[in-house]
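One letter stands for each residue in the lines below.
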Amino acid sequence: MIKSLALLAAAASGGLAAVVKYDFDIGWVKAAPDGVERDVIGINGKWPLPTVEATVGDRVIVNVHNSLGNQSTGLHWHGIHQLGTSHMDGPAHGTQCPIPPGSTFTYDFIVDQAGTYWYHSHTGSQYPDGLRGPMIVRDKLLEDPYKGEYDEEYLLTVSDWYRQDVPTILRTVVFNTSNTNVAPPLPPSALINDASNAVVNTELKFVPGKKYKIRVVNMAALAGVVLFFDQHKMQVIEIDAAYVEKTEAEQIYLSPAQRYSFIIEAKDTADKNYAFSAVFDLNPNFQRPVPTIGFNLNVTGSLQYDSSAPFPAPVTTQSWKILDDFNLKPLKIDDWVDSPTDVVIPMDLNLGLDEWGVPRAFVNGKPYVHQKVPTLYTAVSAGDEAENPVIYGDVNPFIVKEGQVVEFVLNNLHRANHPFHFHGHHFQVCKRGAPNSGVSNSPVDCSESAMVRDTVIVNANSTAVIRFKADNPGVWLLHCHLEWHVPLGLTATIIEDPFAIQDTIEIPRQHIEVCKAQCMPYEGNAAGNKQNLTDLTGANHPPEDADHG
Ligand SMILES: *[C@@H]1O[C@H](CO)[C@@H](O)[C@H](O)[C@H]1NC(C)=O
Ligand SMILES: *[C@@H]1O[C@H](CO)[C@@H](O)[C@H](O)[C@H]1NC(C)=O
Ligand SMILES: *[C@@H]1O[C@H](CO)[C@@H](O)[C@H](O)[C@H]1NC(C)=O
Ligand SMILES: *[C@@H]1O[C@H](CO)[C@@H](O)[C@H](O)[C@H]1NC(C)=O
Ligand SMILES: *[C@@H]1O[C@H](CO)[C@@H](O)[C@H](O)[C@H]1NC(C)=O
Ligand SMILES: [Cu+2]
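In the nomenclature of an unreviewed UniProt entry, the protein is known as Multicopper oxidase of Canariomyces notabilis. Word for word, the UniProt comment on the protein under Sequence similarities (unreviewed entry) is "Belongs to the multicopper oxidase family."

Right, here's the structure in full:
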């Protein structure tokens, strides 16, 4: 069934797909993006990381070798649908074993949709140590719906930046029992294109009369970012690899993991340079009413018309006119959006202390705890039992069946907003309640032209409803993309059409070897029990066995 889907994807790409190959040797290097040197995780001896670039329909092959010596790793291709290739998605314990030091793991998948993406470690909260980079999938020649509407293209990444490494932050802040507020660690620095203003000012060369397409990726661990340009308006054309009807904006807000593309038209004259500002919203200690913005860190860049003119003074604003992405209209509307919803899955989301006083996050009262066997490998090896959620253990499992139109009702009971990302799919955003409007399980109508993306902000004390069609058998995580909330457990696992997974997905021998290299089980239920799949003896539970990094 899915094999044919994968073939369809290949056929739709025209059959002339190229193979794009990367060899990534992941290891520690020194870097000082904010002027303070530290150990960061680089690729092939370098940091910042390379941009992965491909064209729609290409087969992307990335050979990853772990040279870190002291940590396991892995890469997730954020936003790539992995149609028929759930085993290439990247989350450790979700769809593969973590890659231990010294091991090699090959990712091999087809990119089926143009847009702006990023790749990052999905192992042990690792990406704030630097293991995150942009990824671009371009349209084939002449297929870009906005072709002819811009002359040049730029890429901007925005990110918060920490000076301590992730294991230290997890130990001293995230899991610290004195942190009764479950406050996140606050970053001391912020970066555009992996540099703070203390190190280098980002300049985008602008020529009068030209139009520029600018892609932005927020690769932060915690900070949302407002981006705006002095005296230049944006025409937004893409969110999270979904083209949208061109929409004018003065300011846009990107949560961690969100992406935007927009077109900016240069001025007619080149007599001065114009600042642009990335305002990092840290929402300190989650005490402010969301979405009041924290303004703790600003980074300034320049639209550089005249290299002999000075770098512009920072631009500030007191008037917030942030584009509401809820009103954006997708350019391409899938056929299934007319279909009624088949299943509604409500999820209550919250943060707090568990019964042992340890900070945790909860989906319907339970933190996600990774299991001994990667969830996908359990689905592959569970035979007739694969639709029984019990066998997957404490990963907040939800089974959805072939072809179902599924609605997640995301009830955020917490006082801060949380950006939720779903692997393997774009989803419609049917509803997004205002901050502090309260949660609700009442049914909603989903407009045909509802906004489509892969990461949505769920406002504080409020409900967001998202919808997708189960047309991609696999194991897909649904989780908060504030990276510090991942180890706390703010993740659910969607096991989509597990019998089709068994029929179509064959785990490559090399992936199994990576498990064997560290004596991790790769068959059976969550605990690795093959005889009696409902016997969860030995499975991981919070908090004693939980991942602390
Ligand atoms: C791993 O090695 C790096 C580079 O030497 C070092 O900065 C880091 O502290 C080490 N991490 C652990 C957990 O030992
Ligand atoms: C936990 O947090 C408290 C208060 O900030 C701090 O004094 C203590 O050192 C922290 N514990 C650890 C293990 O870092
Ligand atoms: C950051 O930018 C905001 C918005 O322009 C401004 O209100 C705030 O004062 C700036 N903060 C700093 C520290 O410059
Ligand atoms: C959540 O919102 C509802 C509706 O506005 C309000 O009645 C309630 O007090 C809010 N809860 C909290 C904890 O703020
Ligand atoms: C399998 O394990 C479950 C849970 O421990 C138990 O209730 C059940 O009786 C076992 N089934 C068999 C056939 O042993
Ligand atoms: Cu969160």
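Visitor: Any chance you could break down the domain arrangement of the protein for me, citing the residues and the numbers?
Guide: Here the domain parsing of the protein yields domain 1 (2-138), domain 2 (152-327) and domain 3 (335-546). Just the C-alpha atoms count here: the centres of domain 1 and domain 2 sit 23 Å apart. Interface area, domain 1 with domain 2, both sides summed: about 2,500 Å², of which 59% is carbon and sulfur. Remark: the boundary between domain 1 and domain 2 carries three salt bridges. We note a salt bridge from R138 to E153, for which the minimum N-O separation is 2.8 Å. Along the contact surface separating domain 1 from domain 2 lie 15 residue pairs in polar contact (both at pLDDT 80 or more). Of all the secondary-structure elements, those providing two or more residues to the side of domain 1 that touches domain 2 are strand 2 (38-43), strand 7 (115-120) and strand 8 (132-138). Classifying every residue of the side of domain 1 that touches domain 2 by side-chain character gives 13 nonpolar, 13 polar and five charged.

Visitor: Mind laying out the site of ligand 1, listing which residues take part and the relevant values?
Guide: Around ligand 1 sit W28, D39, N70 and D165, and those are all the residues in its vicinity. W28 is positioned such that a nitrogen or oxygen atom in its side chain is 3.4 Å from an oxygen atom of ligand 1. A distance of 2.3 Å is found between an oxygen atom of ligand 1 and a side-chain nitrogen or oxygen belonging to N70. When isolated, ligand 1 has an accessible area of 360 Å², and the protein chains bury 54% of it.

Visitor: Lay out the coordination of the copper ion (ligand 6) in plain terms, naming residues and giving numbers.
Guide: In this structure, H418 (ND1), C480 (SG) and H485 (ND1) serve as the protein donors to the copper ion (ligand 6), at separations of 2.0 to 2.1 Å. Between the donor residues of the copper ion (ligand 6), the gaps in sequence give the motif H-x61-C-x4-H. For H485, a relative accessible area of 1% translates into the label buried.

Visitor: Which residues make up the pairing of strand 12 (residues 211-218), and what values do they have?
Guide: A large share of strand 12 lies buried, amounting to seven of its eight residues. Sheet topology places strand 9 (residues 152-161) next to strand 12; seven bridges connect them, and they run parallel. Bridge assignment links L155 to a residue of strand 12, and that residue is R215.

Visitor: Talk me through the sheet that holds strand 25 (residues 427-432); I want residue IDs and the actual numbers.
Guide: The mixed open sheet is built from six strands, whose spatial order is 21-20-23-28-25-26. Of all strands in the sheet, those bounded by a partner on one side alone are strand 21 (359-363) and strand 26 (452-453). Note: strand 25 against strand 28 (residues 462-469), four bridges, orientation antiparallel. Across the sheet, the residue bridging to K431 is V465, located in strand 28.

Visitor: An account of the side chain of H426 is requested, with residue identities and associated values reported.
Guide: For H426, the position within the fold is in the loop between strand 24 (418-422) and strand 25. Relative accessible area serves as the criterion here: at 13%, H426 is assigned to the buried category. Looking at H426, its side chain comes within polar contact range of the side chain of H81, at 3.2 Å. Engagement of the side chain of H426 in a polar contact is seen with the backbone oxygen of D240, the distance being 2.8 Å. The residues contacting H426, other than those within four sequence positions of it, are H81, Q113, D240, A241, A242, V452, R453, D454 and F468.

Visitor: Give a description of the environment of L353 that names residues and reports values.
Guide: The residue L353 is located in strand 20 (residues 343-353) in this model. Each C-alpha atom, one on L353 and one on V182, is 7.6 Å from the other, the two residues being 171 residues apart in sequence. Those residues in contact with L353 that sit more than four places away from it in its chain are N179, T180, V182, V358, P359 and F362.

Visitor: Residues and numbers for the packing of aromatic side chains, please.
Guide: One pass over the structure, following the stated rule, counts 20 aromatic pairs. For the ring pair F105 and Y107, a centre distance of 4.7 Å and an interplane angle of 45° mean the geometry is tilted. Given a relative accessible area of 0%, F105 falls into the buried group. Relative to F468, the ring of F422 has its centre 4.8 Å away and its plane inclined at 65°; by these criteria the two rings are edge-to-face. On the criterion of sequence distance, the pair formed by F422 in strand 24 and F468 in strand 28 is long-range, its members being 46 residues apart. Comparing F422 with F468 shows no difference in burial state: the two are buried. In textbook terms, an aromatic cluster arises when at least three aromatic residues are bridged by ring pairs, as seen for Y22, F24, W77, F105, Y107, F109 and Y119.

Analysis parameters
Residues numbered from 1 in each chain as written. Chains lettered and ligands numbered in written order. Predicted model: local features only at pLDDT ≥ 70, side-chain atom pairs only at ≥ 80, totals over all residues. Heavy atoms only, no water. UniProt positions renumbered as here; feature names shortened; annotations may be inferred. Domains from an automatic or database assignment. Buried area = accessible area lost by both parts, 1.4 Å probe. Salt bridge = Lys/Arg side-chain N within 4 Å of Asp/Glu carboxyl O. Polar contact = N/O pair within 3.5 Å; in protein donor to acceptor, adjacent residues only side chain to side chain. Helix = DSSP H or I, 4+ residues; strand = E, 2+ residues; numbered from the N terminus. Nonpolar A, V, L, I, M, F, W, Y, C, P; charged D, E, K, R; others polar. Near = heavy atom within 4 Å. Areas by Shrake-Rupley, 256 points an atom, 1.4 Å probe, with all protein chains shown as cover. Donors = N, O, S within 2.8 Å, 3.2 Å for Na, K, Ca; no water. Buried < 20%, exposed > 50% of the residue type's maximum accessible area, 1.4 Å probe, protein only. Pairing = 2+ DSSP bridges. Contact = heavy atoms within 4.5 Å. Phe/Tyr/Trp six-rings, centres within 6.5 Å; stacked < 30°, edge-to-face > 60°.

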